[in-house]
Every structure is written in C-alpha cells, then in structure tokens.
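Analysis of the macromolecular model
The lines below spell out each chain.
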Amino acid sequence: MSSPANDKTNSLSEAERIDWLRLIRSENIGPRTFVDLLSHCGSAREALNRLPELSRRGGRKSYRICRPEAAEAELEAHSRFGARLVALDEPDYPQHLKHIDAPPPLLSVLGGAALSRERMIGIVGARNASLSGRKLASLFARGLGGEGFAVASGLARGIDAAAHEAAIQTGTIAVFAGGIDVLYPPEHDRLLKSLVDAGGAAISEMPFGLKPRGRDFPRRNRLISGVSLGVVVIEAAKASGSLHTARYALEQNREIFAVPGSPLDPRSEGANGLIRQGAMLVTSATDVLEALSDRLEPELPLLRRDPSSLLGEEASTNANTLSDPDQKYRDQILQALGPTPVELDELIRFSDGDARSVHIVLLELELAGRIERHAGNKISALY
C-alpha cells in the first residue's frame, strides 16, 4: 500500500503503521487510551510489549492483543478496496479533527482531496425529511460550498443525502458508522461514488469490514462535528442522532446552527429546542458565514490546543521511566471510583496531586475493563 503522505518526515513507516493498527485494535483500547499508552511507553511497539503487564496490574489475568497478521490483513484489505489508513497529524488527516478530545489515532480514508480543507461545515438532520427540509439542506450546502466549505455529513437518507448531493462539485465528506467498505444505507452507492470521484472523501474510525451497530452511530456523529467548524441542524426530532451531533459540537467548541421549523412538525422539535437553548437561528448560508467570520482567520481560534506529537514515536516519556504504583495506591484509586462518573482533576486531588500515578493506574484499570471513560474527562467504575 502506498503512503498517503508525500512528506515522509511527517508520516509513519509501514512497520509503525502496523504497530499503531495493532494497538488501537487491541482489547479495551480507545483513542484516549491509545494516546496515554504512547505517552507512558514511548512507542506503539513498546506499548504492545507492555500490554499484558499493565492489564495484569489492573486485575486481568489474560489480555487479547491484535496479532501482526490481522493488522497486515486489514492494511491489505484497505489497499485492495482503494482506501488507506491515515494517522493523526499526517497530511491527509482532517485538520480540525486532530484537535478534539481523544481524536482517532487512525482513520480509514476513501478519496481524499477535500480532507485538506480548513473550511468544513457539518449539515445533519432527519432521515424522513420533508421536501422543504431537503431543499433547505441543498441551499445551505450549495451556498457554503460556493464559499469554499466542504460539507460533512453521515450519508444517511433525508437531510444528509440532500446535503451531500448538493455539495458534490464543491467537496463533501461522508462519515461512516461502520467500516469504510460497509456502505449504509446500501442504496447510496452511486452517491458515494459520485462524491469520491469529484474529489470528496469517505472516512471511518471503525475496523475494515465492520457492519454498523446502533452504538457506533454516536461515534460517527462525533466525527461529523469534529471535522467541522460548526454544525447546521435541519429538521431534527426531539431524540434524534442529529441532537447527539449538536451535543458533540458543543463539547468540541464548535458553533451550533439550527434552522427553525413549524412547531406542528415533530421533525422540527429538536432543532427548535436547540434554538431555545442558545443555538444560533439561521435561515441561509449567509447567516452561517457571518457567524463563522471570526473563526475563519488564519490563526484558527477554534483550535484550543496543539495535538500531541505522536508521529515518529516522539512521545514525552520513555518506557524505562514507567513507574509502578503499589497495590495500596491502586486500591485507593479504585475505591474512590463508583458508578457515578467523577472528574479526573478531582481524582488527582484526592490522591494528593500525584497526576502521573493516577494516569498509570487508570490506564491499567481501563485495559483490565474495570473503568469507563466519559466525556468531559470523567471516569466511573464498572462492576
């Protein structure tokens, strides 16, 4: 498989890419745990070596590590499909996504020219959209596309499809809930081909071949808001996935725009509710452009922090300095956790401010499947 980046100084080698893939595909490892492991162990290869020990210290007797053959097979499957795996901070990785809390270390990418855009906007809404809603989605997508924005959405029926179709010529990003090779819904095969052929892209953080499950769609929604400067919500019901996307946008410091609808239409209940809660009411692409004007400066004030420098395995801590908190300390941390999520900072204060030891213990417990991470840097125990 050819490298996705022309700049070799900012790309993983093939051996490193296999190590990264093995690590993120190993048991109980998500994006945040991945970064913690590289920080503590110094490299993906060393992290793989330390996984059995770390999980044992967390209370697990056996641990499943992704085999090299499985990672190599997944890379080969991407290549045969015409896709590739792009690592955090490689040139093909979406610029804004790398700055969210716990960005995916690796993204499956099909196509790609539009991914380099600094201007991206999410457009989401009802699957059972009205003709008026579809028309509005098209107008917003064309208007924003004409101003240099790539339109990101979930390739679902209704609003998503209308937004993608209107933005084909100006660039659009389809975010998958399953593997990059698993199209959902399947009738959008022509739409997907058209947007990729025109320079757009499809992305996914899920393993190749994975069919989307209900629990995977919130992760997809997190990526839609993550690649974007803001999210436009059109015809969203009260408990819809579009509102999940808006919630992620709020957590990621993105702008939330809502198109008002009739109070008699349940498809507009969610969008109207967002407006009552403080989302910006918009009726045209011009409204969105005016609201984003401060965020379109070269300094990109949206980006709250610099991403960790993970490429080239330049983590801040060498594996040899990885400390081993004693069992008494480990028991103290676990006893402080319960089913109600607590903030990480609160846990660190409880442990006399020993942040490094707390992070190591949490890493061990997460690998052992004994704790769960939540948005806002919160942790709870699993029983």
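We now turn to the structure provided with this report. Note that the coordinates shown come from a computational prediction; the quantities given were computed from them, not determined experimentally. (Residues numbered from 1 in each chain as written. Predicted model: local features only at pLDDT ≥ 70, side-chain atom pairs only at ≥ 80, totals over all residues. Heavy atoms only, no water.)

**Digging into the sheet that holds strand S12 (residues 378-381)**
Filter applied, for reference: A strand pair is defined by DSSP finding two or more bridges across the two strands. Counting from the N terminus, the helices are the DSSP runs of H or I reaching at least four residues and the strands are the DSSP runs of E reaching at least two.
If you trace the three strands from one edge of the open sheet to the other, you get S10-S12-S11, paired in antiparallel fashion. Here the strands that pair on one side only, and so sit at the sheet edges, are strand S10 (342-343) and strand S11 (371-374). By the bridge criterion, two bridges tie S10 to S12 in an arrangement that is antiparallel. The residue of S12 that forms the bridge with Val342 is Ile379.

**Quick notes on unusual backbone geometry**
Where we set the bar: Any residue under 20% of the maximum accessible area for its type is buried, any over 50% is exposed, and the rest in between are partly exposed; the area is computed with a 1.4 Å probe on protein chains only.
Residue Pro185 follows Tyr184 across a cis peptide bond; omega there is 0°. Note on placement: Pro185 falls in the loop between strand S5 (172-175) and helix H7 (189-197). Despite not being glycine, Asp89 shows a phi value in the positive range, around 80°. Mapped onto the secondary structure, Asp89 falls in the loop between strand S1 (83-87) and strand S2 (106-111). Judged by its relative accessible area of 22%, Asp89 is partly exposed. Within the chain, Glu235 stands out as a residue other than glycine whose phi angle is a positive 50°. One can find Glu235 in the loop between strand S7 (230-234) and helix H9 (241-251). Its relative accessible area of 8% is what places Glu235 among the buried residues.

**Some remarks on the sheet that holds strand S6 (residues 201-204)**
Put simply, the rule is: When checking whether two residues touch, look at their non-hydrogen atoms; a contact exists if any pair is within 4.5 Å. Angular values range over 0 to 180 degrees, each being the angle between N-to-C directions of two axes fitted as lines to C-alpha atoms, with helices fitted over their stretch in contact.
Judged by pairing direction, the sheet is mixed, and its nine strands sit side by side in the order S1-S2-S6-S5-S4-S3-S7-S8-S9 without closing on themselves. Two strands bound the open sheet, and with one partner strand each, they are S1 and strand S9 (280-281). Inspection of the sheet shows S7 paired to strand S8 (residues 255-259) by five bridges, in the parallel sense. Residue pairing across strands places Val232 opposite Phe257, the latter belonging to S8. Docked against the sheet, helix H8 (residues 217-226) engages S2, strand S3 (120-125), strand S4 (150-153), S5 and S7, running at close to 160° with respect to S5.

**Thoughts on the nonpolar core**
Just so we agree on the cut-off: The nonpolar core is taken to be a set of buried Ala, Val, Leu, Ile, Met, Phe, Trp, Tyr and Cys residues, with the residues joined through side-chain atoms within 4.5 Å.
In this structure, Leu97, Leu107, Leu115, Ile173, Ile203, Val233 and Leu274 are the most contacted members of the largest nonpolar core, which totals 31 residues. No other element matches the three residues that H9 contributes to this core. Residue contacts for Ile173: discarding those within four places in its chain leaves Ala114, Leu115, Met120, Val151, Ala152, Ser153, His164, Ala201 and Ile203. One finds Leu23, Leu38, Leu51 and Ala71 within the second-largest nonpolar core, a separate group that totals 25 residues.

**Things to note about the pairing of S5**
Here is the rule: Place the viewer so that the strands point away; then a crossover is right-handed whenever the path from the first strand over the helix to the second strand goes clockwise.
The alternating pattern of S5 places Thr172 and Ala174 and Ile173 and Val175 on opposite faces, both of which are buried. Direction of pairing for S4 relative to S5: parallel, over a ladder of three bridges. From the neighbouring strand, Ser153 faces S5, where its bridge partner is Ala174. Strand direction decides the pairing type here: S5 and S6, joined by three bridges, are parallel. Looking at S6, one finds that Ala174 is bridged to Ala202. Chirality of the crossover, the property in question, places the unit of S5, H7 and S6 among those that are right-handed.

**Considerations on the environment of Asn377**
Positionally, Asn377 belongs in the loop between S11 and S12. Setting aside its immediate chain neighbours within four residues, Asn377 contacts Arg32, Val342, Glu343 and Leu344.

**Topic: the state of the cysteines**
Rules: Two cysteine sulfur atoms make up a disulfide if the distance between them is within 2.5 Å.
Taken as a whole and assessed by the stated rule, the structure comprises zero disulfides. Free of any disulfide, Cys41 has its nearest cysteine sulfur in Cys66, 17 Å distant. Judged by relative accessible area, Cys41 falls into the buried class, the value being 2%. Given the relative accessible area of 7%, Cys66 is considered buried.

**Notes on H8**
For H8, the buried fraction is high: eight of the 10 residues fall into the buried class. Restricting attention to buried positions, one finds in H8 the residues Phe217, Arg220, Asn221, Arg222, Leu223, Ile224, Ser225 and Gly226. Packing partners of the buried residues in H8 comprise S2, S3, S4, S5, S7 and H9.

**Some remarks on the packing of helix H3 (residues 44-57) against helix H14 (residues 355-367)**
We count it as follows: In these notes the angle categories are as follows: under 35 degrees is roughly parallel, over 145 is roughly antiparallel, 65 to 115 is roughly perpendicular, and the rest is oblique. Each residue gets one label: Ala, Val, Leu, Ile, Met, Phe, Trp, Tyr, Cys and Pro are nonpolar, Asp, Glu, Lys and Arg are charged, and the others, such as Gly, are polar.
Between H3 and H14, whose axes approach to 7 Å, the crossing angle comes to 95°. Here H3 is positioned roughly perpendicular relative to H14, judged by the angle of their axes. Along its contact with H3, which presents Leu51, Leu54, Ser55 and Arg57, the element H14 presents Ile360, Leu363, Glu364 and Leu367. Looking at the contact of H3 with H14 residue by residue, the classes come out as five nonpolar, one polar and two charged.

**Topic: the environment of Ala114**
Among the secondary structure elements, Ala114 is positioned in the loop between S2 and S3. Assessed through its relative accessible area of 3%, Ala114 is described here as buried. Separated by 82 residues in the primary sequence, Ala114 and Val196 have C-alpha atoms spaced 9.3 Å apart. Residues within four places of Ala114 in sequence aside, it is in contact with Met120, Ala150, Gly171, Thr172, Ile173, Gly199 and Gly200.

**Overview of the packing of aromatic side chains**
Filter applied, for reference: Each Phe, Tyr or Trp ring, with Trp reduced to its six-membered ring, pairs with another whose centre is within 6.5 Å; inter-plane angles below 30 degrees give stacked pairs, above 60 give edge-to-face pairs, and intermediate values give tilted ones.
Counting across every chain of the model gives three aromatic pairs. Plain terms: the ring middles of Trp20 and Phe34 are 5.1 Å apart, the flat faces sit at 65° to each other, and that makes the pair edge-to-face. With Trp20 in helix H1 (residues 14-24) and Phe34 in helix H2 (residues 31-41), this residue pair connects regions lying 14 residues apart in the sequence. The residues Trp20 and Phe34 share a single accessibility class, namely buried. Between Tyr184 and Phe217, the aromatic rings sit 5.9 Å apart at their centres with planes inclined by 65°, giving edge-to-face as the arrangement.

Geometric descriptors of this kind do not, in isolation, establish any biological role.
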